[in-house]
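Residue-level structure breakdown
Now for the letters of each chain:
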Amino acid sequence: MAEPLLEVKDLRVAFRTERGTVRALFGVSFSLEAGETLGLVGESGCGKTVTALSILRLLPQPPADATFSQCPKRRCARCGGRRSR
């Protein structure tokens, strides 16, 4: 079986606020193979947008703090797939 095009393992995102830290995502994992389509479905405020923005690295740091157990861009030159924070 070929490697997934995108693999997210144990994604966690927290936002620092004046009142403390708010956990937005905790332990999100999924993979996407070539030719597959993935839809993120859920109620308002459940983390769909935060999931997408964190994978694309579009969340400002701080206040956001996204942690992957493995970088979703395994083949990127910047991190080579190492643990990302």
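Above this text sits the structure in question.
About the criteria used
- Residues numbered from 1 in each chain as written.
- Predicted model: local features only at pLDDT ≥ 70, side-chain atom pairs only at ≥ 80, totals over all residues.
- Heavy atoms only, no water.
- Helix = DSSP H or I, 4+ residues; strand = E, 2+ residues; numbered from the N terminus.
- Buried < 20%, exposed > 50% of the residue type's maximum accessible area, 1.4 Å probe, protein only.
- Areas by Shrake-Rupley, 256 points an atom, 1.4 Å probe, with all protein chains shown as cover.
- Core = buried A, V, L, I, M, F, W, Y, C linked by side-chain atoms within 4.5 Å.
- Pairing = 2+ DSSP bridges.
- Axes fitted to C-alpha atoms, helices over the stretch in contact; angles between N-to-C directions.
- Contact = heavy atoms within 4.5 Å.
- Phe/Tyr/Trp six-rings, centres within 6.5 Å; stacked < 30°, edge-to-face > 60°.
- Lys NZ or Arg CZ within 6 Å of the ring centre and 35° of its normal.
- Salt bridge = Lys/Arg side-chain N within 4 Å of Asp/Glu carboxyl O.

A few words on the overall build of the protein chain. Of regular secondary structure, the protein chain possesses one helix and three strands. N-terminal to C-terminal, the α/β element order of the protein chain is β-β-α-β. Relative to its full complement of 85 residues, the protein chain shows a buried share of 33%. As presented, the protein chain carries roughly 5,900 Å² of accessible surface, and 53% of it is formed by carbon and sulfur atoms.

Glancing now at the nonpolar core. Counting twelve residues, the largest nonpolar core is built from Leu 6, Val 8, Leu 11, Val 13, Leu 25, Phe 30, Leu 32, Val 50, Ile 55, Leu 59, Ala 64 and Ala 66. A per-element tally of this core places strand E1 (residues 6-17) first, with four residues.

Here the focus is the sheet that holds strand E2 (residues 20-32). The strand order across the open sheet formed by three strands is E2-E1-E3, and the pairing between neighbours is antiparallel. Single-partner strands in this sheet number two, and they are E2 and strand E3 (64-67). Neighbour-to-neighbour, the strand axes of the sheet open up by a mean angle of 15°, direction not taken into account. The sheet contact formed by E1 and E3 spans four bridges and is antiparallel. Its bridge partner lying in E3, Val 13 is registered against Ala 66. Along the sheet face, helix H1 (residues 48-55) touches E1, E2 and E3 and points at about 110° away from the line of E1.

On to the packing of aromatic side chains. Counted according to the given criterion, the structure contains zero aromatic pairs. When the ring centre of Phe 26 is taken as reference, the NZ or CZ atom of Arg 12 above it lies at 4.2 Å. Seen from the ring of Phe 26, Arg 23 lies directly overhead, with NZ or CZ sitting 4.0 Å from the centre.

This brings us to the pattern of salt bridges. Considering all chains together, one arrives at two salt bridges under this definition. Note that Glu 7 is salt-bridged to Lys 9, the shortest N-O span being 3.6 Å. Taking relative accessible area as the criterion, Glu 7 reaches 18% and is therefore assigned buried. For Lys 9, a relative accessible area of 36% corresponds to the partly exposed category. The residue Arg 12 makes a salt bridge to Asp 10 at a minimum N-O spacing of 3.1 Å. Overall, the relative accessible area of 31% leaves Arg 12 in the partly exposed class.

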